[in-house]
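Observations on the model geometry
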Amino acid sequence: MSDPTPPGQPTANPVDSLRYRFSPQLVTLAEGHPAEAEAVRTLRTHIIARHIDDGRRGLAVCSAKPGVGCSFTAVNLAVALSQVGVATLIIDADLRKPSLESFIQPEAPKPRSVDADRTPLERIHQEVLPDLSVLYAGDLARSSEELLGGDNFRRLMERCLRDFEFTIIDTPPASDSSDGLRVASVIGYALVVARTNVTLMKDVSQLAKQLQEDGANLIGAVLNET
Ligand SMILES: Nc1ncnc2c1ncn2[C@@H]1O[C@H](COP(=O)(O)OP(=O)(O)O)[C@@H](O)[C@H]1O
Ligand SMILES: [Mg+2]
């Protein structure tokens, strides 16, 4: 991957003229979801106290099965961190079913020709909100193989961990692919999301075991209640 920007320098924003639409599912922004927003803020407090304050700069948000609120938790946590001034990057690593756009929708798609030559790093949407930057799945890689196993992804992660105070990667459920495990092992830390009355304990334990076998530290589990 070409790497034209010196370490520590902010990257150019190719899309800074874009505007964004924020879904009501971003409960940390929207009015009218006090309980959900409070739950995310409590999670933020734990992540800051037990993770960020220890000098760690990122984590993968993982789940065993779809529909448990993995993306919901990842993106709301990212917004909540940005709201207290932590320069945060949220990456959608669910290439098969990306969902970040359903939370933060760019006003208009970019013409493909404009950014065909850009690296994923250069495609980061900088500061869509103060201290919140976004990398959409479609801008991350053209194929899952290219993305998650390779050196390019590792280099991208090194750069993101350096350039942002905190990087959160939303991953696909383990039942769909091993991408989440691979991402977690590269970034080193995982947070597992489960859903009240839906997720089975045995699925969470199995995911926790797989994460540990792949070398990712499990920093905690979130019980998402809706
Ligand atoms: N705590 C919650 N409160 C309100 N809506 C939620 C909550 N958790 C998840 N959702 C909604 O449920 C749907 C599925 O959640 P999502 O995060 O996309 O699941 P996953 O990423 O685990 O497949 C989305 O529309 C999401 O906004
Ligand atoms: Mg998801």
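Coordinates for the structure precede this section.
Before going into details, it helps to say that this report is about the structure given with it. (Residues numbered from 1 in each chain as written. Chains lettered and ligands numbered in written order. Predicted model: local features only at pLDDT ≥ 70, side-chain atom pairs only at ≥ 80, totals over all residues. Heavy atoms only, no water.)

This part takes up the sheet that holds strand 6 (residues 132–135). One open sheet holds the 7 strands; their spatial order is 5-6-3-7-2-8-9, and the pairing between them is mixed. The sheet is open, and its two edges are formed by strand 5 (125–129) and strand 9 (217–224), each paired on a single side. Each neighbouring strand pair of the sheet contributes to a mean axis angle of 25 degrees, computed without reference to strand direction. Packed onto the sheet, helix 9 (residues 201–213) meets strand 2 (58–62), strand 8 (189–195) and strand 9 and runs at close to 170 degrees relative to strand 8. (Pairing = 2+ DSSP bridges. Helix = DSSP H or I, 4+ residues; strand = E, 2+ residues; numbered from the N terminus. Axes fitted to C-alpha atoms, helices over the stretch in contact; angles between N-to-C directions. Contact = heavy atoms within 4.5 Å.)

Under the counting rule described, the total for this entry stands at 10 salt bridges. For K202, the salt bridge identified is with D203, shortest N-O distance 3.5 Å. Given the relative accessible area of 57%, K202 is considered exposed. One salt-bridge network, held together by shared partners, links K65, K202 and D203. (Salt bridge = Lys/Arg side-chain N within 4 Å of Asp/Glu carboxyl O. Buried < 20%, exposed > 50% of the residue type's maximum accessible area, 1.4 Å probe, protein only.)

Once that is clear, we can look at the site of ligand 1. Close to ligand 1 lie 13 residues, the nearest being Q25, G67, C70, F72 and N224. Between G69 and ligand 1, the recorded distance is 3.0 Å, taken from a backbone N or O atom to an oxygen atom. A distance of 2.8 Å separates an oxygen atom of ligand 1 from a polar atom in the backbone of C70. When ligand 1 sits alone it has 560 Å² of accessible area, and the protein chains cover 74% of it. Looking at the shell around ligand 1, the element that brings in the most residues is helix 2 (residues 70–83), giving 3 residues. Taken together, the residues that form the shell around ligand 1 break down as 5 nonpolar, 6 polar and 2 charged. (Near = heavy atom within 4 Å. Polar contact = N/O pair within 3.5 Å; in protein donor to acceptor, adjacent residues only side chain to side chain. Areas by Shrake-Rupley, 256 points an atom, 1.4 Å probe, with all protein chains shown as cover. Nonpolar A, V, L, I, M, F, W, Y, C, P; charged D, E, K, R; others polar.)

Attention shifts here to the pairing of strand 5. Summarising burial for strand 5: 4 of the 5 residues are buried, a large majority. The sheet contact formed by strand 5 and strand 6 spans 2 bridges and is antiparallel. Considered in strand 6, the bridge of H125 is made with V134. Here strand 5 hands over to strand 6 after 2 residues, with D131 in that stretch at a positive phi of 65 degrees.

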